[in-house]
Amino acid sequence: MNSNNPFLNNKTFSTAVSRKDDVHQATVIDENQDMTLAGTINRSLILFLLLTASATVIWWATFNGMNPIVPAFGGAIVGLILVVISAFKPQYSPYLAPGYALFEGLFIGGVSAIFEVQYPGIVTQAVGATFVTFAVCLGLYKYKIVKVTEQFKSVVVAATCAIATYYLISWLFSMFTSFTPVHYGNSMMSIGISVFVIVIAALNLFLDFDRIEKGVEQKMPKFMEWYGAMGLMITLVWLYIEFLRLLSKLSKK
């Protein structure tokens, strides 16, 4: 089974040319052109800084009278387009990943400002929860407390696909009927669903870590550092949004 994150699935990493399989007897390979863990970490930090800077601009503008709906909506659409392009053309990731971070920052900044107006202090809580979750998952993976087996991948991928399908169907029904999805509101069922989704999003981090590590071991091309960093950022954005949703439900209690 592949990681649900389209940027970190086995097919993409296998179709990108591995330098381990590209060495010929008379060919000298420049190790600086290989994907490295340090390089992926650096790219992830760059994307995080770009996203934060973009989100900060929208945050500041919102609290100075600007309506954040348009930039947030536009950022989400452009970000999705860049994600789709990169999924099919990972070699363009060095250019698309920074663009994704900037436009996704517009979305994150706008959504965060909207939640903050309704529930003061919620953004700080959501950011803290996201970082803590990331740190815990990274520690569990690094020290092999949680091992990414094929069975683990199968369960996480199946659960993630189920969540995506449920969200899509609920959105379509709510758009064209008077149907109210069960995950709306602050009922115990709704809160339980949010907790479940957060757990699955966190488990996707383990799959992301595993595929990045495998990419380094297989000596993937240098551009895969950007690709891996972009995929990891997608999961963190998902996790952050779900924490916002859960905390907003708890604040209504």
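Residues numbered from 1 in each chain as written. Predicted model: local features only at pLDDT ≥ 70, side-chain atom pairs only at ≥ 80, totals over all residues. Heavy atoms only, no water.

Caption draft 1: Summary view of the overall build of the chain. Assigned secondary structure in the chain consists of eight helices and zero strands. Counting from the amino terminus, helix and strand elements in the chain follow one another as α-α-α-α-α-α-α-α. By the burial criterion, 45% of the 253 residues in the chain qualify as buried. Considering only residue pairs separated by 6 or more positions, the chain has 84% of its internal contacts joining residues 24 or more positions apart. For the chain, the accessible area works out to roughly 13200 Å², and carbon and sulfur atoms hold 70% of it. (Helix = DSSP H or I, 4+ residues; strand = E, 2+ residues; numbered from the N terminus. Buried < 20%, exposed > 50% of the residue type's maximum accessible area, 1.4 Å probe, protein only. Contact = heavy atoms within 4.5 Å. Areas by Shrake-Rupley, 256 points an atom, 1.4 Å probe, with all protein chains shown as cover.)

Caption draft 2: Up close: the packing of helix α3 (residues 69-88) against helix α8 (residues 224-251). Taken N-terminus to C-terminus, the directions of α3 and α8 make an angle of 140°; their axes are 12 Å apart at the nearest point. Put simply, α3 runs oblique to α8. The element α3 and its partner α8 pack so that their crossing is left-handed. Two secondary-structure elements touch here, α3 through Leu82, Val83, Ser86 and Ala87 and α8 through Tyr227, Met230 and Ile234. Looking at side-chain class alone, the contact of α3 with α8 contains six nonpolar, one polar and no charged residues. (Axes fitted to C-alpha atoms, helices over the stretch in contact; angles between N-to-C directions. Parallel < 35°, antiparallel > 145°, perpendicular 65-115°, else oblique. Left-handed = near helix turned anticlockwise from the far one by under 90°. Nonpolar A, V, L, I, M, F, W, Y, C, P; charged D, E, K, R; others polar.)

Caption draft 3: Fine view of the packing of aromatic side chains. In the structure shown here, the tally under the stated rule is six aromatic pairs. Geometrically, the ring pair formed by tyrosine 141 and phenylalanine 209 is tilted, given 5.7 Å between the ring centres and 45° between the ring planes. Here the residue tyrosine 141 occupies a position in helix α5 (residues 122-142), and phenylalanine 209 occupies one in helix α7 (residues 188-217), the gap between them amounting to 68 residues. These aromatic residues form a ring-pair network of at least three members: Phe134, Tyr141 and Phe209. (Phe/Tyr/Trp six-rings, centres within 6.5 Å; stacked < 30°, edge-to-face > 60°.)

Caption draft 4: Local environment of the nonpolar core. Counting residues in hydrophobic clusters, the biggest one holds 46 residues, and the most contacted among them are Leu47 and Leu244. Mapped by element, the contributors of at least two residues to this core are α2 (37-62), α3, α4 (93-118), α5, α6 (150-176), α7 and α8. Looking at this core element by element, the count peaks at 14 residues for α8. Discounting chain neighbours no more than four positions away, the residues touching leucine 244 are Val111, Ser112, Phe115, Ile122, Val123 and Ala126. (Core = buried A, V, L, I, M, F, W, Y, C linked by side-chain atoms within 4.5 Å.)

Caption draft 5: Looking closely at the pattern of salt bridges. Tallying each qualifying case throughout the model produces six salt bridges. Its salt-bridge partner being arginine 43, residue glutamate 225 comes within 3.4 Å of it at the nearest N-O pair. Of this pair, glutamate 225 sits in helix α8 while arginine 43 sits in helix α2; the two residues are 182 residues apart in sequence, bridging distant segments of the chain. Each member of the pair, glutamate 225 together with arginine 43, is buried. One salt bridge connects lysine 222 with glutamate 225, and the closest N-O pair in it is separated by 3.0 Å. A relative accessible area of 25% places lysine 222 in the partly exposed class. Overall, glutamate 225 belongs to the buried group, its relative accessible area being 0%. Residues joined by salt bridges that share partners form a network here, namely Glu150, Lys153, Asp210 and Lys214. (Salt bridge = Lys/Arg side-chain N within 4 Å of Asp/Glu carboxyl O.)

Caption draft 6: Region of the structure containing a nonpolar patch on the surface. A cluster of nonpolar side chains, contributed by Phe73, Ile77, Ile81, Ile85, Tyr92 and Tyr95, occupies part of the molecular surface with about 660 Å² of accessible area. Top element by residues in the nonpolar patch is α3. It accounts for four residues. Looking at the secondary structure, you find isoleucine 77 in helix α3. Of the residues examined, isoleucine 77 reaches a relative accessible area of 38% and is grouped as partly exposed. (Patch = residues over 30% accessible without salt bridge, like charges linked within 9 Å, V, L, I, M, F, W, Y side chains within 5 Å.)

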